[in-house]
Structure formats: structure tokens, C-alpha cells
Amino acid sequence: MRSARGRIGFALLMVLIMLFTVACAGATPAPGEAPAAPGEEPAPGEEPAPGEEPAPGEEPAPAESDHVGRVGSPERAGQEYVWISQFSTLPLFVERVYPGLEAFARDFGVTVRVAGPTTVDLAAYIATVEQECARGPAGIIVVGGWDPALTEPVNKCIEMQVPVVVTDGDLFQSNRLSYAGTDWYYLGVVMAEFQIAEHERRGLDSGQVAVLSPVQNENMQRSRQGIRDTLAGTGIEVVAEEDNDSDASIAAQRTAALLSAYPDLTGMIGLDSEAGPGIIAALDEAGRPGELVVTVNEAGREFLQNIIDGKAQLITMENYDIMNYLALFMLYTWHNDAIRTAGLDPWVSNWMPQSVDSGLVLVTADNVEDVMQYMLEAEQRAAEE
């Protein structure tokens, strides 16, 4: 069960976004309304525009804010925020992460740039984080689930007072300002609970399951622990945990080997976006589609067809758009010094939530067609823009 603190933090952030946006929108003329001409007197009850000269004998009005510009204003247009990951062009990222980054850039009138190696290259990833921080952008998002070794470069950024929010797998020992993303332990619990329910639905009171994931990734380690904890004492045994190295072809090879080594295997769990396609391909090759209980993480809209075809029973979808939009909003608010706790310097008293659980979408036979239709329409809208 996700913590009450995580849910409260998420709710407070959403309220903050609404208040912040409404307040800034209030200073903008309504569509079709022209701003007051230079020297024109404000209408009765209106306040003089910021910077407007007071009438003779009047005291100057206090400055409304020391902040530079407002949301979407030209004064803030030069701000740059950077999302960094290795395998930065992973199809799942392109389809599910990039739209959220682009939406924030459009809504707030800033630049959001993608950086990082396009392959799995941890050394290059670490170097990219350090190089980007040295440039001093307004804020940085680091995808933390790849490896705990990212802790040190994140800490270097914080020492340089470059704000960093971690997403998609926390760096628990780092000094990041906040984490916004999936609770990976909970994802493992969800996978295991579904395996239990589906085994029961099939009349099985025991079983053997195998798990595929990039074994070194800290977020995947937490998911596997959630699976083990949830299945303990249920009669369903985790017989193998294999490394697919974030590669669908390796996942297929590992699955084929598992089917041979464990002829009584009743379930497969895939935790990253490349495990699922590999599992499905291997089961198809073995002529066994639909025989095992298959619960996997998302791999794009077309991959959801496997639920309709009966080849997978559960596909979990991370709320990438929510996690990255919230991360950028926190970084934007921090950089523009929009709020402070009791007036304290945020670098002295960090106001960001410790973590925000962005939640999961559980796609099953009950809702898969609705989800696919929504994703298709979203793709079509994006292509038209």
C-alpha cells in the first residue's frame, strides 16, 4: 500500500499547480481584450499595471513581486530544463516520456531538452549528468533507476546548487531535492498479487514463476523484493530471476532457456519495457502462447494487443507524463523562487516533498481497448500539431 505521506504530497502538488497557474493567468488579459494603452487610466477598482507611474502626489505602489516575469512570459523564455537518461531514445521514452516534457515546455514557455547516451552506457550517462550540471541549467531531471552509481554525480549537482529531481527509480542515498515517480516495490507487489489471483482463477493452488529484469537496476531490485515478499507462503514459488540487460532479444533467449529448465513453469513476470516483448516472442516460438500467466511492464501501444490476444494478462503502465510534469513543475517553482517555507532559503530548508508516488495504470482485458483507443487518439493529435 502506498504511504499516506506520498498521497498527501501528490495532492498538495496538484493544488499548488492549480493555484499557481490560476494566479498567473489572472494577470493576463482575456482573449480579445487589449491591454491598457500607455498613459491610460485604469478602470475603477483596477490596480495600476506593474511599473506604471503613479499620479502626482501619490505614493508609488509596492512592487508586486521580486520574481522575474510570469508563467509563459518572455522574461522566463530563456530558462532551460534538462531531462537526462541513458538509452535516452528508448522507444518507451519517446512514446511516453517525451510528450510530457514537450507539454510542460509549451505550457510554461521554457525549453526542456533531452540529453544522455542513446545506448546503455553508464559511464557516458554519469559524464552527461556532470557536464549538464556544469552548464548551470534552471533544473535537471535524472532517471535514477538505472544504477546507484548516479548518486555521486547528482550530489555534485546539488553542491553546485543546480536543482535536481530524480524520476523513474529513486537514488535513496543521494541529496536530490525530491523523487517523483513509480513506487517500484509496489509495482512488484501488484505483479505478484495478480499472479496469485490469476493462478486461483485457473484452479491452481501452487505454481512456479520466473522474473526477467535488468538485475543491477536498483528499482528492479526493489520490485523483485516486492514480488518475493508478496508470494511468500502462497504456494507460488519464484524459481528464477534472470537478467535481460534491457534487451528484448536477450529476454527471449532467457525465457526459452527457462521454459526448458522448468517444464512446470506457470508464470512469467517482466519488469522493464524490453522483458515483455522477449517473453511473448519466446512463448510464441515455443508454441505456448496463453499457457502461462504473463504479467509485464508496458512496451508501447501496439504491445497492448497481446492482452486482447490472450498472450498477457496484465500490463502495468507507469504514469510517465505525470511524474515528469510534476518534476518539471517543482524545478520551475524552485528556480523562480515562487514559494518559500516561512520565508527560508530553499537551499537551507527544502520545501519539496521527499517523494511523490505517480501511481500505475493496470491494463487488463477489462480496459485494454479503451486505453489503446486513447493512446491512438493522442498520437494522432500529436502528429497534427
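Note that the structure is a prediction, hence the values are computed from the model and not measured.

Here is what the cut-offs are and how they apply
Residues numbered from 1 in each chain as written. Predicted model: local features only at pLDDT ≥ 70, side-chain atom pairs only at ≥ 80, totals over all residues. Heavy atoms only, no water. Helix = DSSP H or I, 4+ residues; strand = E, 2+ residues; numbered from the N terminus. Buried < 20%, exposed > 50% of the residue type's maximum accessible area, 1.4 Å probe, protein only. Contact = heavy atoms within 4.5 Å. Areas by Shrake-Rupley, 256 points an atom, 1.4 Å probe, with all protein chains shown as cover. Pairing = 2+ DSSP bridges. Axes fitted to C-alpha atoms, helices over the stretch in contact; angles between N-to-C directions. Salt bridge = Lys/Arg side-chain N within 4 Å of Asp/Glu carboxyl O. Left-handed = near helix turned anticlockwise from the far one by under 90°. Nonpolar A, V, L, I, M, F, W, Y, C, P; charged D, E, K, R; others polar. 1 Å grid on protein atoms, 1.4 Å probe; cavity = no way out; pocket = protein on both sides within 12 Å on 5 of 7 lines; lining within 4 Å. Points joined across faces, edges and corners; volume = space filled by probe spheres on them. Expected span 1.5 Å × (residues − 1). Phe/Tyr/Trp six-rings, centres within 6.5 Å; stacked < 30°, edge-to-face > 60°.

A. Local environment of the overall build of the chain. Along its length, the chain carries eleven helices and twelve strands. The buried share of the chain, taken over its 385 residues, is 47%. Across the chain, every contact between residues at least 6 apart in sequence was considered, and the portion connecting residues at least 24 apart equals 72%. With the model as given, the accessible surface of the chain reaches about 18500 Å², and the carbon-plus-sulfur share is 52%.

B. Examining the sheet that holds strand β2 (residues 111–115) more closely. Strand order in this open sheet of six strands is β2-β1-β3-β4-β5-β11, and the pairing throughout is parallel. Every other strand in the sheet has two partners, leaving β2 and β11 (355–357) as the edge strands with one partner each. Averaged over all adjacent pairs, the angle separating strand axes in this sheet is 20°, with direction ignored. Looking at chain direction, strand β4 (residues 164–167) and strand β5 (residues 178–181) are connected through three bridges and run parallel. Following the sheet pairing, T167 is matched in β5 by A180. Its contacts with the sheet put helix α2 (residues 91–108) on β1 (80–84) and β2, and the angle it makes with β2 is roughly 155°.

C. Seen up close, the pattern of salt bridges. Enumeration according to the criterion identifies 17 salt bridges in this entry. Between R106 and D107 there is a salt bridge; the shortest N-O distance is 3.5 Å. Accessibility expressed as a relative area gives 55% for R106, which makes it exposed. D107 sits in the partly exposed class, given a relative accessible area of 38%. The shortest N-O distance in the salt bridge between K156 and E130 comes to 3.0 Å.

D. Spotlight on the pairing of strand β10 (residues 314–318). Counting buried residues in β10 gives five out of five residues, a clear majority hidden from the surface. Burial of the side chains of β10 extends over both faces: L314, T316 and E318 are buried on one face and I315 and M317 on the other. Of the pairings in the sheet, the one linking β10 to strand β12 (residues 360–363) comprises four bridges and is antiparallel in character. Counterpart to M317 in the pairing with β12 is V361.

E. Summary view of the packing of α2 against helix α10 (residues 320–335). Between α2 and α10, the shortest axis-to-axis distance is 9 Å and the interhelical angle comes to 35°. Seen from above, α2 lies across α10 with right-handed handedness. Here L92, R96, V97, G100, L101, A103, F104, D107 and F108 of α2 come into contact with α10, specifically with Y320, D321, N324, Y325, L328, F329 and Y332. Across the contact of α2 with α10, the residue classes tally to eleven nonpolar, two polar and three charged.

F. Expanded view of the layout of surface pockets. In this structure, the second largest pocket encloses a volume near 700 Å³. Looking at the lining of the second largest pocket, the elements that each hand over two or more residues are α2, β10 and α11 (368–384). Residues that form the lining of the second largest pocket fall into these classes: nine nonpolar, two polar and nine charged.

G. Quick peek at unusual backbone geometry. The residue D337 is not glycine, and still its phi comes out positive at about 50°. Inspection of the secondary structure assignment puts D337 in the loop between α10 and β11. Note on D337: relative accessible area 25%, which makes it partly exposed.

H. Highlighting α10. For α10, with 16 residues, the first-to-last C-alpha span of 22 Å sits near the 22 Å given by 1.5 Å per residue. With twelve of 16 residues buried, α10 is to be regarded as a mostly interior element.

I. Here's a closer look at the packing of aromatic side chains. Overall, the coordinates contain twelve aromatic pairs when judged by the stated rule. Here the aromatic rings of F104 and Y325 are separated by 5.2 Å at their centres, their planes lie at 75°, and the arrangement is edge-to-face. In this pair, F104 is assigned in helix α2 and Y325 in helix α10, connecting sequence segments 221 residues apart. Under the relative-accessibility criterion, F104 is labelled buried at 0%. Here the aromatic rings of F108 and Y332 are separated by 4.9 Å at their centres, their planes lie at 65°, and the arrangement is edge-to-face. Of the two residues, F108 sits in helix α2 while Y332 sits in helix α10, which places them 224 residues apart along the sequence. Under the relative-accessibility criterion, Y332 is labelled buried at 0%. Cluster of aromatic residues (ring-pair linked, three or more members): Y81, F104, F108, Y325, F329 and Y332.

J. Here's a closer look at the sheet that holds strand β8 (residues 267–270). Taken together, six strands build an open sheet; the order of strands is β7-β6-β8-β9-β10-β12 and the sheet is mixed. Two strands in the sheet have a free side with no partner beyond their single neighbour: β7 (236–243) and β12. Taking the axes of each pair of neighbouring strands and ignoring which way they run, one obtains an average angle of 15° across the sheet. Alignment of strand β6 (residues 207–213) against β8, held across four bridges, turns out to be parallel. The partner of V209 across the bridge, within β8, is G267.

K. Up close: the environment of L171. Turning to its location among the elements, L171 is positioned in the loop between β4 and β5. According to the relative accessible area criterion, L171 is buried, its value standing at 0%. Taking the C-alpha atoms as reference points, L171 and E152, 19 residues apart in sequence, are found 9.9 Å from one another. Leaving out residues up to four positions away in the same chain, L171 has contacts with G144, D147, P148, L150, T151, V154, V166 and R176.

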